[in-house]
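Chain by chain, the residues run as shown.
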Amino acid sequence: MFDMTRRAVLGTAAAAAAFGLSSKLEFIPQAFAATPLEPTVGFYKYKVGSIEVTAIYDGIWRKPHDPAFIKNASVDDTKDALSKAGLTTDFMPIPLTVVVLDIGGRKIMMDAGSGVGQWQTNATHLPANMAAAGIDYKKIDTIMISHFHPDHVWGLMEKGTNAAVFPNAELIVNAAEYKWWTDPGRVDKLAEGRKEAGRRIASVFPTWKNWKLVDDNAEVAPGVHMLAAYGHTPGHSVFLIDGGAEQLMVSADIMYVPALLAPHPEWEGAYDQDGPMAVTTRRRLIDRVIADKIRICGSHFPFPGSGTFVKDGNAYGFTPTIQA
(Lines give C-alpha, C1' and ligand atoms only; values in the text may rest on other atoms or scores of the structure.)
Protein backbone atom coordinates (compact mmCIF):
# COMPACT_ATOMS: atom_id res chain seq x y z
CA MET A 1 0.00 0.00 0.00
CA PHE A 2 1.17 3.53 -0.74
CA ASP A 3 1.90 6.06 1.95
CA MET A 4 -0.76 8.63 1.05
CA THR A 5 1.44 11.60 1.89
CA ARG A 6 3.52 13.76 -0.38
CA ARG A 7 7.05 12.42 -0.96
CA ALA A 8 8.66 14.42 -3.74
CA VAL A 9 12.24 13.35 -4.49
CA LEU A 10 13.87 16.52 -5.70
CA GLY A 11 16.02 16.29 -8.83
CA THR A 12 18.75 18.64 -7.67
CA ALA A 13 22.48 18.37 -7.16
CA ALA A 14 21.93 18.62 -3.40
CA ALA A 15 19.48 15.73 -3.44
CA ALA A 16 21.87 13.71 -5.56
CA ALA A 17 24.71 14.40 -3.16
CA ALA A 18 22.56 13.17 -0.28
CA PHE A 19 22.38 9.82 -2.04
CA GLY A 20 26.09 9.71 -2.76
CA LEU A 21 25.66 10.55 -6.45
CA SER A 22 27.71 13.01 -8.45
CA SER A 23 24.86 14.66 -10.37
CA LYS A 24 21.10 14.76 -10.76
CA LEU A 25 21.40 12.96 -14.09
CA GLU A 26 22.49 9.83 -12.26
CA PHE A 27 19.71 10.25 -9.74
CA ILE A 28 16.74 10.73 -12.07
CA PRO A 29 16.66 7.17 -13.53
CA GLN A 30 16.54 5.72 -10.03
CA ALA A 31 13.61 8.00 -9.18
CA PHE A 32 11.73 6.85 -12.27
CA ALA A 33 12.52 3.22 -11.49
CA ALA A 34 11.07 3.69 -8.02
CA THR A 35 7.76 4.72 -9.58
CA PRO A 36 5.62 1.68 -10.43
CA LEU A 37 4.14 1.54 -13.91
CA GLU A 38 0.67 1.17 -12.40
CA PRO A 39 -0.28 1.96 -8.79
CA THR A 40 -1.84 -0.45 -6.35
CA VAL A 41 -3.75 2.46 -4.80
CA GLY A 42 -5.38 4.59 -7.47
CA PHE A 43 -5.59 7.95 -5.72
CA TYR A 44 -3.14 10.25 -3.98
CA LYS A 45 -3.95 13.32 -1.87
CA TYR A 46 -1.70 16.28 -1.18
CA LYS A 47 -2.03 19.94 -0.26
CA VAL A 48 -1.02 23.02 -2.22
CA GLY A 49 -1.25 25.67 0.44
CA SER A 50 -4.89 25.69 1.52
CA ILE A 51 -6.12 23.66 -1.47
CA GLU A 52 -6.52 19.89 -1.34
CA VAL A 53 -5.46 18.09 -4.51
CA THR A 54 -6.46 14.51 -5.30
CA ALA A 55 -4.68 12.75 -8.15
CA ILE A 56 -6.83 9.93 -9.56
CA TYR A 57 -5.49 7.17 -11.77
CA ASP A 58 -7.50 6.34 -14.89
CA GLY A 59 -5.24 3.84 -16.67
CA ILE A 60 -2.27 3.55 -18.96
CA TRP A 61 -1.85 3.35 -22.69
CA ARG A 62 0.71 0.73 -23.54
CA LYS A 63 1.34 2.38 -26.87
CA PRO A 64 3.22 0.26 -29.43
CA HIS A 65 6.38 1.95 -30.64
CA ASP A 66 5.65 4.06 -33.70
CA PRO A 67 8.25 5.91 -35.80
CA ALA A 68 5.72 8.73 -36.28
CA PHE A 69 5.13 9.31 -32.56
CA ILE A 70 7.96 11.85 -32.27
CA LYS A 71 8.36 13.75 -35.52
CA ASN A 72 12.07 14.52 -35.12
CA ALA A 73 13.28 11.38 -33.31
CA SER A 74 13.49 7.69 -34.16
CA VAL A 75 12.09 4.74 -32.23
CA ASP A 76 15.64 3.94 -31.16
CA ASP A 77 15.96 7.49 -29.81
CA THR A 78 12.75 7.20 -27.80
CA LYS A 79 13.68 3.76 -26.48
CA ASP A 80 17.04 5.13 -25.38
CA ALA A 81 15.33 7.97 -23.50
CA LEU A 82 12.97 5.54 -21.78
CA SER A 83 15.86 3.28 -20.81
CA LYS A 84 17.85 6.18 -19.34
CA ALA A 85 14.79 7.07 -17.25
CA GLY A 86 14.56 3.53 -15.90
CA LEU A 87 11.27 2.84 -17.72
CA THR A 88 10.20 -0.10 -19.85
CA THR A 89 11.19 -0.06 -23.51
CA ASP A 90 8.71 -2.79 -24.47
CA PHE A 91 6.17 -0.10 -25.34
CA MET A 92 5.61 3.62 -24.83
CA PRO A 93 4.04 3.99 -21.35
CA ILE A 94 1.47 6.81 -21.35
CA PRO A 95 -0.48 6.90 -18.07
CA LEU A 96 -3.51 9.10 -17.53
CA THR A 97 -4.14 10.95 -14.28
CA VAL A 98 -7.07 13.25 -13.53
CA VAL A 99 -6.84 15.86 -10.77
CA VAL A 100 -9.68 17.03 -8.53
CA LEU A 101 -9.31 20.19 -6.46
CA ASP A 102 -11.18 21.00 -3.25
CA ILE A 103 -11.31 24.76 -2.89
CA GLY A 104 -13.39 25.71 0.13
CA GLY A 105 -15.63 22.67 -0.35
CA ARG A 106 -16.06 23.29 -4.08
CA LYS A 107 -15.06 20.23 -6.13
CA ILE A 108 -13.26 21.13 -9.35
CA MET A 109 -12.18 18.46 -11.81
CA MET A 110 -9.27 19.18 -14.13
CA ASP A 111 -10.22 17.49 -17.42
CA ALA A 112 -12.67 14.58 -17.47
CA GLY A 113 -10.55 11.57 -18.35
CA SER A 114 -10.94 9.32 -21.34
CA GLY A 115 -14.31 7.73 -20.59
CA VAL A 116 -14.58 4.15 -19.41
CA GLY A 117 -13.00 2.10 -22.18
CA GLN A 118 -13.61 4.80 -24.77
CA TRP A 119 -10.02 5.87 -25.38
CA GLN A 120 -8.12 2.73 -24.40
CA THR A 121 -9.55 -0.56 -23.21
CA ASN A 122 -7.51 -0.47 -19.99
CA ALA A 123 -8.27 3.18 -19.17
CA THR A 124 -11.30 2.29 -17.08
CA HIS A 125 -10.30 3.02 -13.51
CA LEU A 126 -11.39 6.62 -12.97
CA PRO A 127 -14.91 5.99 -11.53
CA ALA A 128 -13.77 3.36 -9.01
CA ASN A 129 -10.68 5.30 -7.96
CA MET A 130 -12.68 8.51 -7.60
CA ALA A 131 -15.14 6.70 -5.34
CA ALA A 132 -12.29 5.18 -3.33
CA ALA A 133 -10.91 8.69 -2.82
CA GLY A 134 -14.27 9.73 -1.35
CA ILE A 135 -15.27 11.90 -4.32
CA ASP A 136 -18.85 11.68 -5.62
CA TYR A 137 -18.75 12.51 -9.33
CA LYS A 138 -22.30 13.83 -9.07
CA LYS A 139 -21.02 16.56 -6.76
CA ILE A 140 -18.40 17.87 -9.17
CA ASP A 141 -19.19 21.59 -9.45
CA THR A 142 -16.84 22.58 -12.24
CA ILE A 143 -14.70 20.88 -14.88
CA MET A 144 -11.74 22.79 -16.32
CA ILE A 145 -10.92 21.52 -19.81
CA SER A 146 -7.35 21.89 -21.06
CA HIS A 147 -8.14 20.82 -24.64
CA PHE A 148 -10.44 18.61 -26.66
CA HIS A 149 -8.31 15.52 -27.28
CA PRO A 150 -10.23 12.28 -26.53
CA ASP A 151 -8.16 11.27 -23.50
CA HIS A 152 -9.18 14.53 -21.82
CA VAL A 153 -12.85 14.92 -22.79
CA TRP A 154 -14.37 11.56 -23.70
CA GLY A 155 -15.15 11.23 -19.98
CA LEU A 156 -17.72 14.00 -20.44
CA MET A 157 -19.88 11.67 -22.55
CA GLU A 158 -21.50 8.30 -22.02
CA LYS A 159 -20.26 5.58 -24.31
CA GLY A 160 -22.70 4.92 -27.15
CA THR A 161 -25.30 7.56 -26.32
CA ASN A 162 -23.05 10.62 -25.91
CA ALA A 163 -25.28 11.68 -23.01
CA ALA A 164 -23.66 14.19 -20.67
CA VAL A 165 -22.00 12.57 -17.65
CA PHE A 166 -21.87 15.92 -15.81
CA PRO A 167 -24.99 17.75 -17.02
CA ASN A 168 -25.07 20.12 -14.05
CA ALA A 169 -21.36 20.96 -13.83
CA GLU A 170 -19.97 24.16 -15.29
CA LEU A 171 -17.58 23.30 -18.15
CA ILE A 172 -14.82 25.87 -18.57
CA VAL A 173 -12.59 25.94 -21.65
CA ASN A 174 -10.43 28.38 -23.57
CA ALA A 175 -12.67 30.07 -26.15
CA ALA A 176 -10.07 29.50 -28.87
CA GLU A 177 -10.18 25.73 -28.31
CA TYR A 178 -13.96 25.52 -28.35
CA LYS A 179 -14.37 27.72 -31.42
CA TRP A 180 -11.69 25.89 -33.41
CA TRP A 181 -13.20 22.44 -32.91
CA THR A 182 -16.80 23.55 -33.44
CA ASP A 183 -16.15 25.82 -36.40
CA PRO A 184 -18.50 24.88 -39.27
CA GLY A 185 -16.61 22.83 -41.83
CA ARG A 186 -13.82 21.96 -39.41
CA VAL A 187 -14.34 18.22 -39.68
CA ASP A 188 -13.73 18.27 -43.43
CA LYS A 189 -10.40 20.01 -42.86
CA LEU A 190 -9.12 17.51 -40.28
CA ALA A 191 -6.62 14.78 -41.08
CA GLU A 192 -8.36 11.48 -41.70
CA GLY A 193 -7.26 10.03 -38.36
CA ARG A 194 -8.89 12.91 -36.48
CA LYS A 195 -12.19 13.12 -38.34
CA GLU A 196 -14.05 10.66 -36.12
CA ALA A 197 -13.14 12.59 -32.96
CA GLY A 198 -13.92 15.87 -34.71
CA ARG A 199 -17.38 14.66 -35.71
CA ARG A 200 -18.21 13.60 -32.17
CA ILE A 201 -17.13 16.93 -30.72
CA ALA A 202 -18.90 18.98 -33.38
CA SER A 203 -22.17 17.07 -33.05
CA VAL A 204 -22.33 16.87 -29.23
CA PHE A 205 -20.59 19.76 -27.49
CA PRO A 206 -22.56 22.62 -29.12
CA THR A 207 -25.81 21.05 -27.87
CA TRP A 208 -24.80 21.56 -24.22
CA LYS A 209 -25.66 24.81 -22.44
CA ASN A 210 -23.22 24.52 -19.53
CA TRP A 211 -20.10 25.70 -21.35
CA LYS A 212 -18.27 28.81 -20.17
CA LEU A 213 -15.79 30.14 -22.73
CA VAL A 214 -12.92 32.19 -21.31
CA ASP A 215 -9.80 33.93 -22.56
CA ASP A 216 -6.14 33.71 -21.59
CA ASN A 217 -5.33 34.55 -17.96
CA ALA A 218 -8.96 34.43 -16.84
CA GLU A 219 -9.51 33.64 -13.16
CA VAL A 220 -11.72 30.58 -13.53
CA ALA A 221 -12.07 29.78 -9.81
CA PRO A 222 -10.75 31.41 -6.64
CA GLY A 223 -6.96 31.34 -7.01
CA VAL A 224 -7.08 29.44 -10.33
CA HIS A 225 -6.04 31.09 -13.60
CA MET A 226 -6.25 29.56 -17.07
CA LEU A 227 -3.10 30.27 -19.10
CA ALA A 228 -2.78 29.87 -22.86
CA ALA A 229 -0.38 27.05 -23.79
CA TYR A 230 -0.98 26.80 -27.51
CA GLY A 231 0.72 24.40 -29.89
CA HIS A 232 -0.47 21.00 -28.77
CA THR A 233 -3.90 22.19 -29.92
CA PRO A 234 -5.03 25.67 -31.04
CA GLY A 235 -6.47 26.51 -27.62
CA HIS A 236 -4.55 24.17 -25.32
CA SER A 237 -4.37 25.68 -21.82
CA VAL A 238 -2.83 25.02 -18.44
CA PHE A 239 -4.07 26.06 -15.00
CA LEU A 240 -2.04 27.93 -12.38
CA ILE A 241 -3.34 27.32 -8.86
CA ASP A 242 -2.41 29.65 -6.02
CA GLY A 243 -2.89 28.01 -2.64
CA GLY A 244 -1.35 30.91 -0.76
CA ALA A 245 1.82 29.31 0.55
CA GLU A 246 2.43 27.32 -2.62
CA GLN A 247 1.51 27.19 -6.30
CA LEU A 248 0.71 24.30 -8.63
CA MET A 249 0.62 24.22 -12.41
CA VAL A 250 -1.77 21.65 -13.86
CA SER A 251 0.15 21.35 -17.11
CA ALA A 252 -2.03 19.00 -19.19
CA ASP A 253 0.06 18.01 -22.26
CA ILE A 254 2.88 20.55 -22.50
CA MET A 255 5.38 17.89 -21.31
CA TYR A 256 3.29 14.76 -21.81
CA VAL A 257 6.05 12.13 -21.50
CA PRO A 258 8.75 13.68 -19.28
CA ALA A 259 11.14 10.77 -19.84
CA LEU A 260 11.28 11.86 -23.49
CA LEU A 261 10.69 15.59 -23.47
CA ALA A 262 12.61 16.70 -20.38
CA PRO A 263 15.99 15.67 -21.86
CA HIS A 264 14.75 16.48 -25.40
CA PRO A 265 12.37 19.47 -25.15
CA GLU A 266 12.88 20.12 -28.86
CA TRP A 267 11.12 16.89 -29.83
CA GLU A 268 7.74 17.40 -31.49
CA GLY A 269 4.97 14.91 -30.85
CA ALA A 270 2.70 13.59 -33.57
CA TYR A 271 -0.24 14.89 -31.52
CA ASP A 272 1.19 18.41 -31.37
CA GLN A 273 -0.88 20.29 -33.92
CA ASP A 274 1.80 22.97 -34.28
CA GLY A 275 5.07 21.31 -33.30
CA PRO A 276 7.37 24.38 -33.22
CA MET A 277 4.79 26.35 -31.21
CA ALA A 278 4.40 23.43 -28.78
CA VAL A 279 8.17 23.38 -28.22
CA THR A 280 8.24 27.14 -27.55
CA THR A 281 5.32 26.81 -25.13
CA ARG A 282 6.96 23.85 -23.37
CA ARG A 283 10.18 25.77 -22.75
CA ARG A 284 8.40 28.95 -21.66
CA LEU A 285 6.21 27.25 -19.08
CA ILE A 286 8.78 24.81 -17.71
CA ASP A 287 11.26 27.68 -17.35
CA ARG A 288 8.61 29.59 -15.41
CA VAL A 289 7.89 26.60 -13.16
CA ILE A 290 11.59 26.31 -12.34
CA ALA A 291 12.23 30.04 -11.87
CA ASP A 292 9.17 30.60 -9.69
CA LYS A 293 9.46 27.29 -7.80
CA ILE A 294 5.98 26.20 -8.86
CA ARG A 295 4.96 22.63 -8.28
CA ILE A 296 3.75 20.87 -11.44
CA CYS A 297 1.54 17.96 -12.40
CA GLY A 298 0.81 16.57 -15.84
CA SER A 299 -1.82 14.30 -17.32
CA HIS A 300 0.71 11.73 -18.51
CA PHE A 301 3.44 11.95 -15.86
CA PRO A 302 4.08 8.70 -13.94
CA PHE A 303 1.37 8.35 -11.30
CA PRO A 304 0.62 10.27 -9.11
CA GLY A 305 1.32 12.61 -11.97
CA SER A 306 3.50 15.25 -10.34
CA GLY A 307 7.19 15.97 -9.96
CA THR A 308 10.04 18.44 -10.12
CA PHE A 309 11.92 19.94 -13.07
CA VAL A 310 15.40 21.44 -13.00
CA LYS A 311 17.48 23.05 -15.73
CA ASP A 312 20.08 20.84 -17.40
CA GLY A 313 21.88 23.03 -19.91
CA ASN A 314 19.44 23.61 -22.75
CA ALA A 315 17.22 20.76 -21.54
CA TYR A 316 15.67 19.65 -18.24
CA GLY A 317 15.93 17.01 -15.58
CA PHE A 318 12.74 15.57 -14.13
CA THR A 319 12.14 13.68 -10.91
CA PRO A 320 8.65 12.27 -10.36
CA THR A 321 6.84 12.23 -7.06
CA ILE A 322 7.07 8.71 -5.65
CA GLN A 323 5.23 6.77 -2.96
CA ALA A 324 6.67 4.26 -0.52
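Our structure's up above, just so we're on the same page.
Residues numbered from 1 in each chain as written. Predicted model: local features only at pLDDT ≥ 70, side-chain atom pairs only at ≥ 80, totals over all residues. Heavy atoms only, no water.

Draft legend 1. Main features of the pairing of strand β1 (residues 43-48). Alignment of β1 against strand β2 (residues 51-63), held across 6 bridges, turns out to be antiparallel. Its bridge partner being in β2, phenylalanine 43 is matched across the sheet by isoleucine 56. Turn length for the β1-β2 hairpin, with the two strands adjacent in sequence and antiparallel, is 2 residues, and the turn residue glycine 49 shows positive phi of about 60°. (Pairing = 2+ DSSP bridges. Helix = DSSP H or I, 4+ residues; strand = E, 2+ residues; numbered from the N terminus.)

Draft legend 2. Molecular detail of empty space enclosed by the protein. Tallied over the entire structure, the rule returns 3 cavities of 30 Å³ or more. Every residue lining the second largest cavity is listed: Thr97, Val99, Met110, Asp111, Ser146, Phe239, Val250, Ala252, Cys297, Gly298, Ser299 and Gly305. Looking at the lining of the second largest cavity residue by residue, the class counts come to 6 nonpolar, 5 polar and 1 charged. (1 Å grid on protein atoms, 1.4 Å probe; cavity = no way out; pocket = protein on both sides within 12 Å on 5 of 7 lines; lining within 4 Å. Points joined across faces, edges and corners; volume = space filled by probe spheres on them. Nonpolar A, V, L, I, M, F, W, Y, C, P; charged D, E, K, R; others polar.)

Draft legend 3. Representation of the sheet that holds strand β12 (residues 295-297). Pairing is mixed across the open sheet formed by 7 strands, whose spatial order is β8-β9-β10-β11-β12-β13-β14. The open sheet has two edge strands with one neighbour each: β8 (219-221) and β14 (315-320). Averaged over neighbouring strand pairs, the angle between their axes works out to 35° when direction is ignored. When strand β9 (residues 224-228) meets strand β10 (residues 237-242), the two strands line up antiparallel, connected through 5 bridges. Bridging from a neighbouring strand, leucine 227 pairs with valine 238 of β10. Running at roughly 100° to strand β13 (residues 306-312), helix α10 (residues 275-291) makes contact with β9, β10, β11 (247-250), β12, β13 and β14 of the sheet. (Axes fitted to C-alpha atoms, helices over the stretch in contact; angles between N-to-C directions. Contact = heavy atoms within 4.5 Å.)

Draft legend 4. Highlighting the pattern of salt bridges. Scanning all chains against the criterion turns up 10 salt bridges. With a shortest N-O distance of 2.9 Å, aspartate 102 and lysine 107 are connected by a salt bridge. Exposure remark for aspartate 102: the relative accessible area of 18% places this residue in the buried category. For lysine 107, a relative accessible area of 21% gives the class partly exposed. Across the pair aspartate 272 and arginine 282 runs a salt bridge whose closest N-O atoms are separated by 3.6 Å. In this pair, aspartate 272 sits in the loop between α9 (258-261) and α10 while arginine 282 sits in helix α10, placing the two residues 10 residues apart along the sequence. (Salt bridge = Lys/Arg side-chain N within 4 Å of Asp/Glu carboxyl O. Buried < 20%, exposed > 50% of the residue type's maximum accessible area, 1.4 Å probe, protein only.)

Draft legend 5. Region of interest: the sheet that holds β2. Strands sit in the order β1-β2-β3-β4-β5-β6-β7 across an open sheet of 7 strands; the sheet is mixed. With one partner strand each, in any of the chains shown, β1 and β7 (211-214) form the two edges of the open sheet. Shown here is a sheet whose adjacent strand axes are inclined to one another by a mean of 25°, direction ignored. Its contacts with the sheet put helix α6 (residues 175-182) on β6 (170-174) and β7, and the angle it makes with β6 is roughly 90°.

Just distances and angles here, no functional claims.
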